[in-house]
Amino acid sequence: MNIFTIMGHIFINSMVPIFMLISMGIVLDKKFKLDLYTLSKLNFYILLPAFVFRSLYEAHFTWSTLEIVLCAVTVLIINYIMSSAVGRWQGYDIAKTATLKNCVMFNNCGNMGVALALFVFSNVPYIIDGKTPYADLGMLSVVSIMVIQTITSNTFGFYQAGAGRLSARDALRVVFHMPMVYAVPIALLAKLLPYDLHNLFAYAPLSIFANAFVGVAMLALGVQINRTPLNFFKGDVMLAAVLRLVASPILAAGVTLLFINFYGPMHPIAAQTIIITYSVPSAINMALIAIEMKNNPEYATQIVMGSTILSAITMPIFITMAYYLFPI
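Just so it is clear, the model here is predicted, and its values are computed rather than measured.

Focus on a nonpolar patch on the surface
Inference 1: A cluster of nonpolar residues, V73, I77, Y80, I81, F156, Y159, L172, F176, Y182 and I186, forms a patch on the protein surface that exposes about 890 Å² of accessible area.
Inference 2: The set of elements that each furnish at least two residues to the nonpolar patch consists of α3 (63-90), α7 (156-161) and α9 (180-190).
Inference 3: Per element, the largest residue contribution to the nonpolar patch is four residues, and it comes from α3.
Inference 4: Structurally, the position occupied by V73 is in helix α3.

Digging into the nonpolar core
Inference 1: By size, the foremost hydrophobic cluster in this structure holds 101 residues, and its most contacted members are V52, L100, L116, L221, I274 and Y278.
Inference 2: With sequence-adjacent residues up to four places away left out, I274 is seen in contact with I68, C71, I145, A252, T256 and M266.

Section: the packing of helix α6 (residues 135-153) against helix α12 (residues 268-277)
Inference 1: Viewed as axis vectors pointing N to C, α6 and α12 meet at an angle of 50°, and their least axial separation amounts to 9 Å. By the angle class used here, α6 and α12 are oblique. In this structure, α6 crosses over α12, and the sense of that crossing is right-handed. Touching L137, G138, S141, V142 and I145 of α6 are I269, A270, T273, I274 and T277, all from α12.
Inference 2: A per-class count over the contact of α6 with α12 returns six nonpolar, four polar and no charged.

Considering the packing of aromatic side chains
Inference 1: Tallied over the full model, the rule gives nine aromatic pairs.
Inference 2: A centroid spacing of 6.0 Å and a plane angle of 55° characterise the contact between Y57 and Y203, whose relative ring orientation is tilted. Remark: Y203 occurs in helix α10 (residues 203-226) and Y57 occurs in helix α2 (residues 36-58); sequence separation between them is 146 residues.
Inference 3: Note on Y57: relative accessible area 11%, which makes it buried.
Inference 4: On the basis of relative accessibility, which here comes to 7%, the residue Y203 falls in the buried class.
Inference 5: Geometrically, the ring pair formed by Y92 and Y299 is edge-to-face, given 6.4 Å between the ring centres and 75° between the ring planes. Of this pair, Y92 sits in the loop between α3 and α4 (94-105) while Y299 is found in helix α14 (residues 297-325), placing the two residues 207 residues apart along the sequence.
Inference 6: Judged by its relative accessible area of 8%, Y299 is buried.
Inference 7: Each member of the aromatic cluster is reached from another via a ring pair, and the members are F121, Y126, Y323 and Y324.

Observations concerning helix α11 (residues 235-262)
Inference 1: Taking 1.5 Å as the rise per residue, α11 with 28 residues should run 40 Å; its terminal C-alpha atoms sit 38 Å apart, in good agreement.
Inference 2: At A247, α11 is bent by approximately 35°, the largest bend along its length, and proline P249 sits one to four residues beyond.

What counts as what
Residues numbered from 1 in each chain as written. Predicted model: local features only at pLDDT ≥ 70, side-chain atom pairs only at ≥ 80, totals over all residues. Heavy atoms only, no water. Patch = residues over 30% accessible without salt bridge, like charges linked within 9 Å, V, L, I, M, F, W, Y side chains within 5 Å. Areas by Shrake-Rupley, 256 points an atom, 1.4 Å probe, with all protein chains shown as cover. Salt bridge = Lys/Arg side-chain N within 4 Å of Asp/Glu carboxyl O. Helix = DSSP H or I, 4+ residues; strand = E, 2+ residues; numbered from the N terminus. Core = buried A, V, L, I, M, F, W, Y, C linked by side-chain atoms within 4.5 Å. Buried < 20%, exposed > 50% of the residue type's maximum accessible area, 1.4 Å probe, protein only. Contact = heavy atoms within 4.5 Å. Axes fitted to C-alpha atoms, helices over the stretch in contact; angles between N-to-C directions. Parallel < 35°, antiparallel > 145°, perpendicular 65-115°, else oblique. Left-handed = near helix turned anticlockwise from the far one by under 90°. Nonpolar A, V, L, I, M, F, W, Y, C, P; charged D, E, K, R; others polar. Phe/Tyr/Trp six-rings, centres within 6.5 Å; stacked < 30°, edge-to-face > 60°. Expected span 1.5 Å × (residues − 1). Bend = angle between axes of the 7 residues up to and from the residue.

As structure tokens, this is what we get:
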């Protein structure tokens, strides 16, 4: 199977379904004017915490999970340094630089990343004898990175968005009002209990909420895109999109290769997932956080929208690159 055939399969089976969900949000908002505030609160306070709790509770972490986390954190730190340098180079003020850093550091792993991993590792060329043997490992890998992204974006991301606008105390107060701060440690502690929560009556509704997360998040992203003016082809927005969609996955590939060369082998699917996850666009939460914190909300929304649309071109390229760079 040649590279163009693989890219075609990836685009049709992985990208098209995601953009169909986003398009549904656009169509519904044009017809019914959906309440984006309600959708974002539903995601922030119920669906995302439920999804992360269930994913963490049901995940079977191994030593390789720690390897993925170490690589993910390293890429996150490098993205912070890179976007800080670019902000100074462009002469941005503290607030705008903070928005740039948030949009480059934190990607749509929880929304598009999870859906992308689900579609990628359940389709050609990852189907073997009619089965999908890599789907579970791919999902575990992306969830591991999502945990890092979720914790840092909903803590440091909020804190950083308040740069130049809120005091450290006020920014921390906002952070500790977010349920994600508590969902992760509660899930990790629950794994230590000598009791299977699957038998608990409350686990069924939690699973229903968790199953709804990806679909509702994609609809919310479509609503946000529908309400954003199509003027994201500006220098500062395109620069941020390039950092998010091109520089970040290249850095992720470099960090993963260095880790393998200097530390030891890593499962190819885990290595591929690191690149794939860091190739997704800026997190929609960064636009919502910018709106909440009144920190360059239009700039943040334009970056999210621009990177989301352009990712239809860049993501298949980096998914294919990951496939060949770390062959199964």
